[in-house]
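Given next are the chains, with one letter for each unit.
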Amino acid sequence: MGALNDFKRKNSKFIKLSDGESFVARYNGYSMMFNKLTSKDVPVYKFQTEDGEKFLQSQSGKLCAFFDEDEGSAKKGQVVKIKRVGIGMQTNYEPELIINDEFEPDTKVPF
């Protein structure tokens, strides 16, 4: 990746993943945001990375179930890994809980 793309990803507040890319970060909860394109509220997940707080906006059912406050696998403050599989309308996310006492943010996070 070129220097300008690295700069853009590091300084962006939103996480953008390409097909096959993943990131590891500490989950900081979510909030609902109105999406003007779909005219619906969508979840925006918050993560702590080495570059500060970053956000991932997605309507993925897998992410909603994974981060559900009552029945989900991940709770606020836990370290998670999220991988994007597919492109466009065929995008899926594969969330995973990382069980590790010491959190070291991924130094190769593709933001």
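Residues numbered from 1 in each chain as written. Predicted model: local features only at pLDDT ≥ 70, side-chain atom pairs only at ≥ 80, totals over all residues. Heavy atoms only, no water.

1. Digging into the overall build of the protein
To be explicit about the condition: Helix numbers and strand numbers start at the N terminus; a helix is a DSSP run of H or I with at least 4 residues, a strand a run of E with at least 2. Only protein chains enter the calculation, and the probe is 1.4 Å; a residue is then buried if its accessible area is under 20% of its type maximum, exposed if over 50%, and partly exposed in between. Whether two residues touch is decided by their heavy atoms; if any such pair falls within 4.5 Å, the residues are in contact. Methods summary: accessible areas were calculated by the Shrake-Rupley approach with a probe of 1.4 Å, and residue burial reflects only the protein chains presented.
Scanning the protein from N- to C-terminus turns up two helices and five strands. In sequence order, the protein lays out its α and β elements as α-β-β-β-α-β-β. When each of the 111 residues of the protein is scored for burial, the buried share is 33%. In the protein, 49% of the contacts between residues at least 6 apart in sequence involve partners at least 24 apart. Summed over its atoms, the accessible surface of the protein is roughly 7200 Å², and 49% of this surface lies on carbon and sulfur atoms.

2. Points about the packing of aromatic side chains
Heads up, the condition is: Each aromatic pair joins two rings of Phe, Tyr and Trp (for Trp, the six-membered one) with centres within 6.5 Å, and gets the label stacked for planes under 30 degrees apart, edge-to-face for over 60, and tilted for any other angle.
Counted according to the given criterion, the structure contains eight aromatic pairs. Geometrically, the ring pair formed by F23 and F47 is edge-to-face, given 5.1 Å between the ring centres and 80° between the ring planes. Taken together, the residues span a long stretch of sequence, with F23 in strand 1 (residues 22-35) and F47 in strand 2 (residues 40-49) at a distance of 24 residues. There is no split in this pair, since F23 and F47 are both buried. Three or more aromatic residues link up through ring pairs in this structure, and these residues are F23, Y27, Y30, Y45, F47, F66 and F67.

3. Looking at the side chain of R84
To keep it simple, the criterion reads: We count Lys and Arg on the positive side and Asp and Glu on the negative side, and we leave His and both chain ends out. When a carboxyl oxygen of Asp or Glu is within 4 Å of a side-chain nitrogen of Lys or Arg, the pair counts as a salt bridge.
As for its placement among the helices and strands, R84 is situated in strand 4 (residues 79-85). The charged side chain of R84 is buried without a salt bridge, its nearest counter-charge being D19 at 5.9 Å. With sequence-adjacent residues up to four places away left out, R84 is seen in contact with L17, S18, D19, G20, E21, T91, N92 and Y93.

4. Describing the environment of A74
Looking at where A74 falls in the secondary structure, it is placed in the loop between helix 2 (61-67) and strand 4. Of the residues examined, A74 reaches a relative accessible area of 2% and is grouped as buried. It is 9.2 Å that separates the C-alpha atoms of A74 and P95, two residues lying 21 residues apart in sequence. Sequence-distant contacts of A74, that is, excluding residues within four places in its chain, are made with F66, F67, D68, V80 and L97.

5. A short note on the sheet that holds strand 5 (residues 92-98)
Here is the rule we go by: Two strands qualify as a pair provided that DSSP identifies no fewer than 2 bridges between them. Axis definition: a line fitted to C-alpha atoms, limited for helices to the stretch in contact. Angles are taken between N-to-C directions and run from 0 to 180 degrees.
Spatially, five strands are ordered 3-2-1-4-5 in an open sheet, and the strand pairing comes out antiparallel. Where the open sheet ends on each side, the last strands, each with one partner, are strand 3 (52-57) and strand 5. The average undirected angle you get between the axes of adjacent strands in this sheet is 40°. Where strand 1 and strand 4 come together, five bridges link them in antiparallel fashion. Its bridge partner lying in strand 4, A25 is registered against V80.

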